[in-house]
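# Survey of secondary and tertiary structure
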Amino acid sequence: MNYVDYTIVGLFLGMTFFVGTYFYLWVKSGDDFYVAGRRITPFILASVIVVTNVNLYSFVGQSGIAYKQGISIIWQPWTGNMALVFAGLFIVPIYRRLRIRTIPELLERRYGKGIRTMVAVLWIFRLSFWLGIVLYTGVVAAQAITGNPSFTFWVLVIGGIAIVYTALGGMFAVAFTDVIQFILMLLGALIVLPLAMSLVDWWPGLMSQLPSDFMILVRNTGEFDWKFILAIFFLGLEWATVDQGLLQRAFSADSTKTAARGLVLAGIITTPFALLWIIPGIAASILHPGLANPDSAVPTLLRSLLPHGVLGLVICGLLSAQLSTIAGNLNGVATMITSDIYESIFNRKADNKAILIVARIMTFAVGIGMILFAYWVPKMGGAVEAYLTLIAIMDMPLFIIAVVYGLFWKRCNWQGAIAGYFAGATAGIIGEFFLNYSFNQNTFLTAAIALVVTPTISGLTRRPDEHKIAEVWQAKHVTDEEVKTGQVFNIIPVTAFGKTSLAVLFTGLSLFIIGLVMGNYNTSTASYLAVTGMIVFFIGGLSRTLAD
């Protein structure tokens, strides 16, 4: 980098800081800070979810795996995008009708206050660690691109800007800066891909220089084989249905239909984006072989590839994705602390002034925790390894108690939910640190234990009060507000077109799963069938949002 690049990046950071802090004037209440007053439109919602879903974890962590092991890591973002479509059509409309602000709040309405507090405390830690991973990937990229090796300097620059504008502007700042960052991120990625491909002689040249299995999408062996894809698909469902940083954007939608359409559009739009960081990571394995840290593959490629000025613009695009993810998750964790602990336990009659003060203090506190966790990530083997370890242990049990049983089995009670969550997470800890299970094995283990323990304990203890949980079950149906505003969204479609769209969606899902299973037999058809199934799934999902 030279002075031109630093000037461009400096202007971008200054503009982001100004725009983010400007929305300080818009924030008058807790709902303004948490969910932007529930005034987010479909395009803005899709944009902010896309930018949240695409960050330097993708450009550094996933491209680093592609550098080492090939294209199959692309299924991590792809299955996550399929999960966004599923959640948008079937789960998030329930949340939006309940007008909740956090997932622990959902758990209180379904089970009780105790489980709300328990999960909030655990997930404050979990999301803070995820923020540390995201910040770490930004620092690695900045070190490789700029040549400035100071870890602490980049931690403070990247983390500090995101912390301040999020604390001041809340979800308004997050949402509106995300739109700007979405455009810059797309611009930067579109510059890098063709330049990298031209240096390896485009697709024929790339294929001729790679190991024979590098471009197989569905493999029968290896760390990222068909079992990994199946495991990450289930974890994608969990992420899209209980992740606070993601869902807080959906909670900000101006209607149930907007929430559904926003998630579906975000999932579809983001899918081709994955090629914009996976393919450059693979090209870097040819152009810069033997890197000591694979996470530096794309940053090294950028530094060697781009002329000054253009490099500054591309760095702005990458920083855009990074700042968006950090800001959104900071806002999510601060919301959990303020809403699920402060307002719920310590000050139930807190006024808007007190709520905003606490929310902003908590944003700074979580930001400090994020910075501390960023130093821990390298000790866990890098960004992807650290993240997969975390989600394999903590995430599936929450999905089981909150969504699988919480929304679809009335007999489940708080005793079963708590027992199921802790049993699943404990099994994950044992599998990871004592039995040395793989990510795939640990994901299925934690889910299986929670699936068995939750109904077992629920059956042995008192039946929940059906009047208390009636509100959750009622949220599956269209509300009077939707009818009055004309923004009706039926989870189960009532029109012929809607039913046909749903049939197409499940046909695509079936083809996708069949393709994965065929991967066990090392057939060339497996990859084609899985990708075809994904595309059909998206077609069905998009069509479904156009019907009542």
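Throughout this document, residue positions are counted from 1 along each chain, in the order its sequence is written. Thresholds applied to this predicted model are a pLDDT of at least 70 for local features of residues and 80 or more for the giving and counting of side-chain atom pairs; totals over whole chains, interfaces and linings are not thresholded and use all residues. Values reported for side chains reflect all heavy atoms of the structure, with hydrogen atoms and water molecules removed beforehand.

### Considerations on the environment of Gly-64
Each helix is a run of DSSP H or I of at least 4 residues and each strand a run of E of at least 2, with the numbering of both proceeding from the N terminus. Tracing the backbone shows Gly-64 in helix H4 (residues 56-69). Only heavy atoms matter for contacts: two residues are in contact if any of them lie within 4.5 Å across the pair. With near-sequence residues (within four places) excluded, Gly-64 lies in contact with Pro-294 and Asp-295.

### Here's the deal with the pattern of salt bridges
Salt bridges, as used here, are contacts in which a Lys or Arg side-chain nitrogen is within 4 Å of a carboxyl oxygen on Asp or Glu. Evaluated as defined, the whole model comprises eight salt bridges. Where Asp-340 meets Arg-116, a salt bridge forms, and the shortest distance between an N and an O atom there is 2.6 Å. Taken together, the residues Asp-340 in helix H16 (residues 310-346) and Arg-116 in helix H8 (residues 113-146) connect sequence positions 224 residues apart. Between Arg-126 and Asp-395 there is a salt bridge whose closest N-O contact spans 2.6 Å. Taken as a pair, Arg-126 in helix H8 and Asp-395 in helix H18 (residues 383-404) lie far apart in primary sequence, 269 residues in all. Accessibility assignment for this pair places Arg-126 and Asp-395 in one class, buried. Counted as one network, the salt bridges with shared partners bring together Glu-108, Lys-113, Arg-116 and Asp-340. Buried means the residue's accessible area, taken with a 1.4 Å probe over protein chains only, is under 20% of the maximum for its type, while exposed means over 50%, and partly exposed covers the values in between.

### Side note on unusual backbone geometry
Backbone geometry places Asp-201, a non-glycine residue, at a positive phi of 65°. Looking at the element boundaries, Asp-201 is found in the loop between helix H9 (151-199) and helix H10 (202-208). Of note, Asn-436 is a non-glycine position whose phi angle comes to about 55°, a positive value.

### What to know about helix H21 (residues 466-474)
Of the positions making up H21, those classed as buried are Ile-469, Val-472 and Trp-473. An end-on view of H21 places all buried positions within 95° of arc, on one side of the element. Contacts from the buried residues of H21 go to helix H6 (92-98) and helix H7 (103-110). For this analysis, a polar contact is any N or O atom pair within 3.5 Å, provided that within protein one partner can donate a hydrogen and the other can accept it, and provided that sequence-adjacent residues contribute only side-chain to side-chain pairs. Between the side-chain oxygen at the start of H21 and the backbone nitrogen of His-467 there is a gap of 3.0 Å, and the oxygen is on Asp-465. The arc under discussion is defined with respect to the helix axis, by the directions toward the C-beta atoms.

So, to be careful, I would describe these as geometric facts and stop short of saying anything about function.
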